[in-house]
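# Geometric and topological summary
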Amino acid sequence: MRQTTASTCCYCGVGCGVLIEHDGAHIFDVAGDPNHPANFGKLCSKGSTLHLTGDLDARALYPELRLGKGLARARTGWDSALDHAAKVFADTIAEHGPDSVAFYISGQLLTEDYYAFNKLARALVGTNNIDSNSRLCMSSAVVGYKRSLGADAPPCSYEDIELSDCLLIVGSNMAYAHPVLFRRLEEAKAKRPEMKVIVVDPRRTDTCDLADLHLPILPGTDVVLFHGILHILLWEGWIDRDFVEAHTDGFDELKRTVRDYNPAMVAELCGIGIEQLQRCARMIGTAQGFLSLWCMGVNQSTAGSAKNSALINLHLATGHIGKPGAGPFSLTGQPNAMGGRETGSLSNLLPGHREAGNAAHRGEVAAYWGVPALPDTPGLSAIELFEAVRGGKVKALWIACTNPAQSMPDQHSIHETLATCPFVVVQEAFATTETCRYADLLLPAASWGEKEGTVTNSERRVSHVRRAIPAPGEARADWSITCDFARRLEKLIRPGQPSLFAFEDAAALFDEYKLLTQGRDLDLSGLSHALIDRLGPQQWPFPADREQGTPRLYVDGKFPTETGRARFLAEHYQAPKEQREARFPLTLNTGRLRDHWHGMSRTGTAARLFGHVEEALLSMNADDMRRRRLLDGQLVRVRSRRGELLLPVQKDDSLAPGQAFMPMHWGNRFLKGLGVNRLTLPSVDPLSKQPELKHAGIDVEKVELPWQFFALVEGAVQKRFESLRPLFEGFAYASFSLTGRDRPALVIRAACNEAPDATQLAQIEQCLGLDEGPVVAYDDPRRAVGKRVRIEEGRIVALSLSGETAARDWLKQLWHDGTADQALRRWLLAPLSTPPGGAVRTGKTLCNCMNVSQEAVCAGIERGLDLNGLKRELGCGTSCGSCVPEIKRLLTKQPAVA
Ligand SMILES: Nc1nc2c(c(=O)[nH]1)N[C@H]1C(S)=C(S)[C@@H](COP(=O)(O)OP(=O)(O)OC[C@H]3O[C@@H](n4cnc5c(=O)[nH]c(N)nc54)[C@H](O)[C@@H]3O)O[C@H]1N2
Ligand SMILES: Nc1nc2c(c(=O)[nH]1)N[C@H]1C(S)=C(S)[C@@H](COP(=O)(O)OP(=O)(O)OC[C@H]3O[C@@H](n4cnc5c(=O)[nH]c(N)nc54)[C@H](O)[C@@H]3O)O[C@H]1N2
Ligand code: SF4
Ligand SMILES: [Mo]
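Under the annotation held in an unreviewed UniProt entry, the protein carries the name Molybdopterin-dependent oxidoreductase and is attributed to Stutzerimonas marianensis. The heading Sequence similarities (unreviewed entry) in the UniProt record of the protein holds the text "Belongs to the prokaryotic molybdopterin-containing oxidoreductase family. NasA/NapA/NarB subfamily."

Following this line, the structure appears as structure tokens:
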């Protein structure tokens, strides 16, 4: 019977409510939850396709154990898996001490999962070696809030976006990364066009589509810009002196610091015009409600903490905090990075916004947990943790819900580290990730739609995540795996004592955890799963005596610092670690695409989500390409101080000269090489320990790989992908993607210097189903060129081109169109691969929901249609709206014929 379960989207920190349609065994559809206050029924292109992701062939279904390095993992039962893990952990702790083990967890776990992990690491094992991927994401914002305001608490609400009249968006591509919030901003701006939007980003992103002013600052110069704005605010008298006087400390020192940041110097250092800078300062200085939104362009920097505080300075100086439509609003990346911060899931934190380095805090938590003490040795942060594993200090590593062999900087070192770590446990929902390859013990985890607990979104709103269907195979909820392991470990290292982990369900974990927040700034003690069910998602603080949450913090001007006053921080600009120089003349920026999520373990299972951007490309400014004699689509070698990567290049006029961009999503799985993070550097901010993932020095040069290969095969794509991928190890370049909507197909592009040997090609053809059956083949051994097409019931179902691939796009189009006509048969029997004449469509899908291609939109624009006309005639942009900014951009590029 069809049922609907209200839950949340498992992707970004907007935290949209979803309605899952299912029959108790399978999920059929998702829709936005009209009652959820984050999205009021809207979903973006990722949220609305959740039901199409998660192919079972990609899932981890059973525990698997490897009994020695070099051996294959074999399926085992939960009892033997967890007993084995407990024994290895207990032995390691006994021999080398509690700091010889570590936990690396994730901003995508639920609050209850985090709580279990924290208690396990700090109370039972006795180590602070528990850190999460939030170190790569939010830790600079955490430091920024704590240093400037006294607690890690974003003070705003989403509705402040609608109430503000001046929005500063810094280092955030909301149009792609927080799309439903961007929809809210679009609507607000449409209603009140006088509202000012400023975007600060080295690239001209789709987010700039709404901007009254775009400041394309040079990478890493944000602190200069913020100080320069404050300099002008001071000069013009646009300061709220009463607020500064009554509620802050440190303004005089900051004034002295920003005196040097005069407009001419700031414009020069940031690479913008003085006029632009002054306009920006005027918009902020004269605003009634000044709101700033920021994300990874600010945090992922060796000056991330300074950037955060310099931005918060602007709010304190103008008194724009604690008021409707105003405040410093850091956008959270992952769906529950906030919950991670609340429960203490960074090595330096403890549950309830406490500090591991604070003896009183340790005492409070130890007493609550009923253990004598918590460890006082500082824990390792992500980068340090992997260094400690590499150096042999950490000998057993537990990784949950994150894929460090894709997402950490300097991948070569991470892969080596994981390969040599004596015992690696990976608790994962998808068996296909780069990190799973290194798991000595793989524990299958339940995932979206299959697990229960709570998450906190960017605006401090706690939602109840509900389960719709059981997890597949033997996969289990994360908290339950963690507690089961902990109970077994207890028996070995804390025998005879009552269990610390006797939790029956997620609600019991929440109920124990919430009392650790009582009386703290984030007080959740009034909440429970049942209360959220009754009242709907709530914003913390929500103390026990309340009936509703708190939309805005610091309305009374009191801050959770020792003095009750907020602090100005006066720190000078520090340039990014890697400056442009002769050997590495370009800066590599990395970030998100609209339709993919991180390492693509989930989005990479839905062909539809490849329609917008099909393969990993390096984007460059046209001048930089011309200077290197590069053409669109050519293969290039990208080199950084750490290593190199091969991929095609494309012209991108949103980038300034000297800058290049690569999406963060491709690791070792969908692209040969170790992905984008082969190139990035592990240098970190001194306070937040967050790595500088957005500014690596690189050089780019053309590579000639004359022997090219292309293949497309439909059906059982995940299985085929798994068996085909290893066969491309010997190629210099290989890239995999999916295409198609109703019939997903795997697409492979590869290249090498000379033809691979015949047996290898034969193996590939066999995997593609091109070795026998209804296959038309043509081979020209002299030129090492071959073509093969398998036609079933008048349709192409598989094809390959080897040697040269000129007919690639044409054949792909034929496959999409479902035709196998005379032209194809004639071409098949001709010696050359070149396709018959005529334009080939690029196939880029702009609108995923309504399946509208870029070509169709451009043709519509040529016919004179405006946005409404395009929506009406083609349907594009009428569902989730994620493609609207891009359509608008095409409209401005290609003015409609009069
Ligand atoms: N579609 C999609 N959405 C996502 C995710 C995803 O994987 N896919 N991931 C989620 C997560 S975990 C996160 S953390 C967020 C990230 O969300 P965002 O931070 O918005 O995304 P990014 O593309 O990483 O980076 C944002 C922008 O920072 C700019 N930038 C680079 N260097 C600088 C600089 O020095 N100064 C300034 N001002 N800007 C700079 C980049 O050009 C880029 O446009 O997205 C979340 N949402
Ligand atoms: N170059 C570059 N690198 C970056 C970034 C960048 O901008 N540029 N951004 C950084 C940022 S902000 C982030 S947040 C990180 C993200 O990096 P990762 O944390 O590595 O990202 P994911 O691929 O989302 O990893 C989550 C894993 O959890 C698995 N999973 C999903 N659901 C569940 C579940 O319920 N339980 C368990 N146990 N597993 C589950 C997924 O299959 C996936 O493999 O990447 C960072 N790396
Ligand atoms: S904006 Fe999109 S990805 Fe983010 S929570 Fe909402 S539906 Fe999910
Ligand atoms: Mo993130």
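### Brief notes about the UniProt feature "domain: 4Fe-4S Mo/W bis-MGD-type" (unreviewed entry) in the protein
Look at the UniProt record and you will see "domain: 4Fe-4S Mo/W bis-MGD-type" (unreviewed entry) annotated at residues 2-58. End C-alpha atoms of residues 2-58 are separated by 26 Å, and the span's content is 0% helix alongside 32% strand.

### Let's talk about the sheet that holds strand 1 (residues 3-8)
Here we have three strands laid out as an open sheet, ordered 1-2-3, and antiparallel in their pairing. In this open sheet, the two strands that pair with only one neighbour each are strand 1 and strand 3 (27-32). On average, adjacent strands in this sheet sit at an angle of 30° to one another, irrespective of strand direction. Where strand 2 (residues 17-22) and strand 3 come together, five bridges link them in antiparallel fashion.

### Looking at the site of ligand 1
Among the 34 residues in the neighbourhood of ligand 1, the closest are listed as Asn173, Asp201, Gly220, Asp222 and His596. The separation between a nitrogen atom of ligand 1 and a polar main-chain atom of tyrosine 176 is 3.2 Å. In this structure, arginine 594 approaches ligand 1 through a main-chain N or O atom, which is 3.1 Å from a nitrogen atom. Across the complex, the protein chains shield 100% of the 910 Å² of accessible surface that ligand 1 would expose by itself. Secondary structure elements with two or more residues in the shell around ligand 1: helix 5 (174-177), helix 12 (296-299) and strand 23 (586-591). Grouping the amino acids of the shell around ligand 1 by side-chain chemistry returns twelve nonpolar, 14 polar and eight charged. For the shell around ligand 1, the domains that each give at least three residues are domain 3 (139-330) and domain 4 (586-702).

### A look at the site of ligand 3
Around ligand 3, the neighbouring residues are Cys9, Tyr11, Cys12, Val14, Gly15, Cys16, Leu43, Cys44, Lys46, Gly47, Pro179 and Val180. In terms of residue class, the shell around ligand 3 is built from nine nonpolar, two polar and one charged.

### As for unusual backbone geometry
Residue proline 541 is reached from tryptophan 540 by a cis peptide bond, and omega for that bond is -5°. Structurally, the position occupied by proline 541 is in the loop between strand 21 (538-539) and strand 22 (566-567). In the Ramachandran plot, aspartate 410 falls in the positive-phi region, its phi being about 55° despite a non-glycine side chain. The topology assignment puts aspartate 410 in the loop between helix 17 (404-407) and helix 18 (411-420). Of note, the phi angle at glutamate 793 is positive, near 45°, even though the residue is not glycine. Counting through the fold element by element, glutamate 793 comes out in the loop between strand 33 (785-792) and strand 34 (795-803).

### What about helix 23 (residues 717-724)?
Inspection of helix 23 places Val717, Gln718, Phe721 and Leu724 among the buried residues, and these make up the whole buried set. Each buried residue of helix 23 sits inside an arc of 135° when the element is viewed along its axis, so together they form one side. Where helix 23 is buried, its residues contact strand 29 (707-714), strand 30 (733-739), strand 31 (745-752) and helix 24 (758-767).

### Here's the deal with the environment of aspartate 83
By secondary structure assignment, the location of aspartate 83 is in helix 1 (residues 78-96). Look at aspartate 83 and you get partly exposed, because its relative accessible area is 41%. On a C-alpha basis, the gap between aspartate 83 and leucine 489 in space is 8.1 Å, while along the polypeptide they are 406 residues apart. Among the polar contacts listed, one links the side chain of aspartate 83 to the side chain of arginine 488, at a separation of 3.0 Å.

Rules behind the numbers
- Within each chain, residues carry numbers counting from 1 in the order of the written sequence.
- Chains carry letters from A onward and ligands carry numbers from 1 onward, assigned in written order.
- Residues qualify for local features only when their pLDDT is at least 70, as the model is predicted, and side-chain atom pairs are given and counted only at 80 or more; totals for whole chains, interfaces and linings, by contrast, use all residues.
- Only hydrogens and water are set aside; all other atoms, that is, all heavy atoms of the structure, feed into the side-chain values.
- UniProt positions are given in the numbering used here, feature names are shortened, and annotations may be inferred rather than shown by experiment.
- Helix and strand definitions here come from DSSP, where helices need a minimum of 4 consecutive H or I residues and strands a minimum of 2 consecutive E residues; each element is numbered from the N-terminal end.
- For two strands to be treated as a pair, DSSP must find at least two bridges joining them.
- Helix axes are fitted only over the stretch in contact, all axes being lines through C-alpha atoms; the angle between N-to-C directions runs from 0 to 180 degrees.
- Whether a residue is near a molecule or strand depends on its heavy atoms: if one lies within 4 Å, it is near.
- Two N or O atoms form a polar contact when they lie within 3.5 Å of each other; inside protein one atom must be a possible hydrogen donor and the other a possible acceptor, and for residues adjacent in sequence the pair counts only when both atoms belong to side chains.
- Here the accessible surface of atoms and residues is derived via Shrake-Rupley with a 1.4 Å probe, and residues count as covered only by protein chains that are part of the display.
- Amino acids are sorted into nonpolar (Ala, Val, Leu, Ile, Met, Phe, Trp, Tyr, Cys and Pro), charged (Asp, Glu, Lys and Arg) and polar (every other residue, Gly among them).
- Throughout, the edges of the domains are those of an automatic or database domain assignment.
- Burial here depends on accessible area, computed with a 1.4 Å probe over protein chains only, as a share of the maximum for the residue type. Under 20% is buried, over 50% is exposed, and the range in between is partly exposed.
- For this quantity, the arc is that covered by the directions from the helix axis to the C-beta atoms.
- Contacts were defined at the residue level, with two residues in contact if any of their heavy atoms lie within 4.5 Å.

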